[in-house]
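Coordinate analysis (summary)
What follows is the residue order along each chain.
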Amino acid sequence: MTTPGFHRHRPVIARNGGPVPVRVAVRLRPFLDKDQQEKGSTVRGLGERALEICNWRNEQESLKYEFDAFYDEDTSQDKIFKSSVQNLLEHTLHGQNASVFAYGPTGAGKTHTMVGTSEDPGIIPRSVYGVLNAVAKERGSEDGEWTYTIGISYLEIYQEKVYDLLETKNHDLQIREDRDRNIFIPGLSEKTITDFQQFEKHFVPASQNRTTASTKLNSRSSRSHSILLLKVVKTQQVPPYRQLTGKLYLIDLAGSEDNRKTGNQGIRLKESGAINTSLFVLGQVVDALNSGQARIPYRDSKLTRLLQDSVGGTSHACMIVNLAPEESFYTDTYTTLNFAAKSKQIVNRPFTRESMVRPREVLKRPADSVTDAVSKRV
Ligand code: ADP
Ligand code: MG
């Protein structure tokens, strides 16, 4: 910063390009128990983008949804990363921001999708690896004009408060915006990484603490959003000493079943402190972006405030909606799909202001028998 003539480059990202829609992909996890499998899945894929679930109001009918992608239970972590996430990474090397979310009920595979296991890594380790490689490649292709710094932060939003997962003494952190409209969190720790081992050294213990501390359905981990922030700062070593900062947010969202207990009334959701405000507002933000609305309600929750410079504008985002095949998840599957797939994507728009009953039977009919049923509004 003491370099003579240094001036901080103002981001040149055009904000007039219009909001970029959020890519919404659905991932169905496999059955975890063979006995359950015999009963059949409540979710049936219809090709590469669409799926159906049975209609709880009339089991002769099905509800059909279309997204940007549908990943069935056999889809690998690699395929999901390559087809939905990989192309977002390059933005971070060009001073732009991007986000990836895992959305869905507790037990449907969000953490598996984001974190995975050491044998079968998910989106977070693959993305970190991808960014490290991209930086190494770019560095190799130019003659030392730029330096690159990669930093990680790991935080949690729980009951609208921000906690640092790398330095647990930091809690109730504030979210701020600088003059260039960049969002930042004063006091949030950031660890510089130069290779994948350094990333693992910081991330693995913090991540394990979070998952093993509590495994119950209503535990903190299922009600909080955990966010890995990967920041790439690229600084020019010769005039005009430009500096580009790109951020990638990788987010394991709170379980979407929280919403079920509150009904679908927006005002009620916002009034109650016990309800997941951030999750609710995120749905509104995605909806507003995907339907091209002028006002995007970023400021209405901590999560969306944090993502204000990383979702919409020229930033890119992908939401992976995780679903479970078991009948016991049916109500969550139904509310999750309706919440995630906003009016534009919903082929059949179900009426949701009534309490729900379990379907007596899961889908067993062949896919082609539903054509008439789906065009009928319920
Ligand atoms: P969530 O984070 O949404 O609560 P988890 O990721 O913890 O759900 O997944 C619940 C269980 O299902 C875990 O035991 C996990 O290993 C398993 N699981 C989730 N998705 C898959 C998948 N695609 N393939 C195999 N097992 C999975
Ligand atoms: Mg989880």
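Each chain carries its own residue numbering, running from 1 in the written order of its sequence. Written order decides the labels, with chains lettered from A and ligands numbered from 1. Per-residue local features are limited, in this predicted model, to residues with pLDDT of at least 70; the limit for side-chain atom pairs, both in listing and counting, is 80 or more; totals at the level of whole chains, interfaces and linings are taken over all residues. Here the side-chain values reflect all heavy atoms present in the structure, with hydrogen atoms and water set aside.

1. A closer look at the pattern of salt bridges
What counts, and what does not: One speaks of a salt bridge when a side-chain nitrogen belonging to Lys or Arg is within 4 Å of a carboxyl oxygen belonging to Asp or Glu. Each residue is assigned to one of three classes by its accessible area relative to the maximum for its type, calculated with a 1.4 Å probe on protein chains only: buried under 20%, partly exposed between the two thresholds, exposed over 50%. Helix numbering and strand numbering both begin at the N terminus, where a helix is a DSSP run of H or I of at least 4 residues and a strand a DSSP run of E of at least 2.
For the structure shown, the criterion picks out 14 salt bridges. Here Arg44 and Glu52 are joined by a salt bridge, their closest N and O atoms 3.1 Å apart. Classification of Arg44 as partly exposed rests on a relative accessible area of 23%. Assessed through its relative accessible area of 1%, Glu52 is described here as buried. With a shortest N-O distance of 2.8 Å, Lys191 and Glu167 are connected by a salt bridge. Here the residue Lys191 occupies a position in strand S12 (residues 191-193), and Glu167 occupies one in the loop between strand S8 (161-164) and strand S9 (171-173), the gap between them amounting to 24 residues.

2. Re unusual backbone geometry
Cis peptide bonds are those with omega within 30 degrees of zero, and the linkage from Pro239 to Pro240 qualifies with 5°. Its location among the elements puts Pro240 in the loop between strand S13 (225-236) and strand S14 (243-252). Although it is not a glycine, Arg181 sits at a positive phi angle of roughly 70°. Inspection of the secondary structure puts Arg181 in the loop between strand S10 (176-177) and strand S11 (183-184). For Tyr241, which is not a glycine, the phi torsion comes out positive at approximately 55°. With respect to the helices, strands and loops of the structure, Tyr241 is situated in the loop between S13 and S14. Accessibility expressed as a relative area gives 15% for Tyr241, which makes it buried.

3. Here we look at the side chain of Lys247
Cut-off, in case you're wondering: N or O atoms within 3.5 Å of each other form a polar contact, as long as, within protein, one can give a hydrogen and the other can take it, and as long as residues adjacent in sequence are counted only when both atoms are side-chain atoms.
Inspection of the secondary structure puts Lys247 in strand S14. A distance of 2.8 Å separates the side chain of Lys247 from the backbone oxygen of Ile183, its partner in a polar contact.

4. Examining the site of ligand 1
The condition is simple: Summary of the distance rule: residues count as near a molecule or strand when at least one heavy atom falls within 4 Å of that molecule or strand. A 1.4 Å probe and the Shrake-Rupley method give the accessible areas. Residues count as covered only by the protein chains that appear here.
Around ligand 1 sit Arg27, Arg29, Pro30, Leu32, Pro105, Thr106, Gly107, Ala108, Gly109, Lys110, Thr111 and His112, and those are all the residues in its vicinity. One nitrogen or oxygen atom from the side chain of Thr111 is found 2.8 Å from an oxygen atom belonging to ligand 1. At 2.7 Å from an oxygen atom of ligand 1 is found a main-chain nitrogen or oxygen belonging to His112. When isolated, ligand 1 has an accessible area of 550 Å², and the protein chains bury 67% of it. For the shell around ligand 1, the leading source of residues is helix H3 (residues 110-114), giving three residues.

5. Brief notes about the nonpolar core
The following threshold applies: Throughout this description, the term nonpolar core refers to a set of buried Ala, Val, Leu, Ile, Met, Phe, Trp, Tyr and Cys residues connected via side-chain atoms within 4.5 Å. Residues count as neighbours in contact if any of their non-hydrogen atoms are within 4.5 Å of one another.
Core analysis: the largest hydrophobic core is formed by 52 residues, its most contacted members being Leu51, Ile53, Tyr65, Phe101 and Leu306. Non-local contacts of Leu51, meaning those with residues more than four positions away in its chain, are made with Val26, Val43, Arg44, Gly45, Leu46, Leu63, Lys64, Tyr65, Phe67, Phe70 and Leu337.

6. Here we look at the environment of Gly255
Secondary-structure assignment places Gly255 in the loop between S14 and helix H7 (266-271). C-alpha separation for the pair Gly255 and Asp35, spaced 220 residues apart in sequence, amounts to 25 Å.

7. Details of the packing of helix H2 (residues 77-89) against helix H4 (residues 123-141)
This is how it is decided: Note on geometry: axes are lines fitted to C-alpha atoms, helical ones only across the stretch in contact, with angles between N-to-C directions running from 0 to 180 degrees. These descriptions rest on fixed angle ranges, namely under 35 degrees for roughly parallel, over 145 for roughly antiparallel, 65 to 115 for roughly perpendicular, and the rest for oblique. Handedness of a crossing is defined here by the sense of rotation of the near helix relative to the far one, left-handed for an anticlockwise turn of less than a right angle and right-handed for a clockwise turn. Nonpolar residues are Ala, Val, Leu, Ile, Met, Phe, Trp, Tyr, Cys and Pro. Charged residues are Asp, Glu, Lys and Arg, and all others, Gly as well, are polar.
Contact pair H2 / H4: the axes reach a minimum separation of 10 Å and the direction vectors enclose 45°. In terms of orientation, H2 and H4 fall into the oblique class. Seen from above, H2 lies across H4 with right-handed handedness. Mapping the contact onto sequence places Gln77, Asp78, Ile80, Phe81, Val85 and Leu89 in H2 and Ile123, Arg126, Ser127, Gly130 and Val131 in H4. Class assignment of the residues belonging to the contact of H2 with H4 gives a composition of six nonpolar, three polar and two charged.

8. Quick notes on H4
Selection criterion: Expected span, for any helix, means 1.5 Å times one less than how many residues it has.
Counted at 1.5 Å a residue, the expected span for H4 with its 19 residues is 27 Å, and the 26 Å between its end C-alpha atoms agrees. Buried residues of H4: Ile123, Ile124, Pro125, Arg126, Ser127, Val128, Val131, Leu132, Val135 and Glu138, and no others.

9. Overview of the pairing of S14
Selection criterion: Only strands that DSSP links by at least two bridges are regarded as paired with each other.
Taken across its ten residues, S14 has nine buried, putting it largely inside the fold. One ladder, built from five bridges, connects strand S6 (residues 98-103) with S14; its direction is parallel. Looking across to S14, one finds that Ser99 is bridged to Tyr249. Summarising the sheet, S13 and S14 pair through ten bridges and their orientation is antiparallel. What sits directly across from Val232, in S14, is Gly246.

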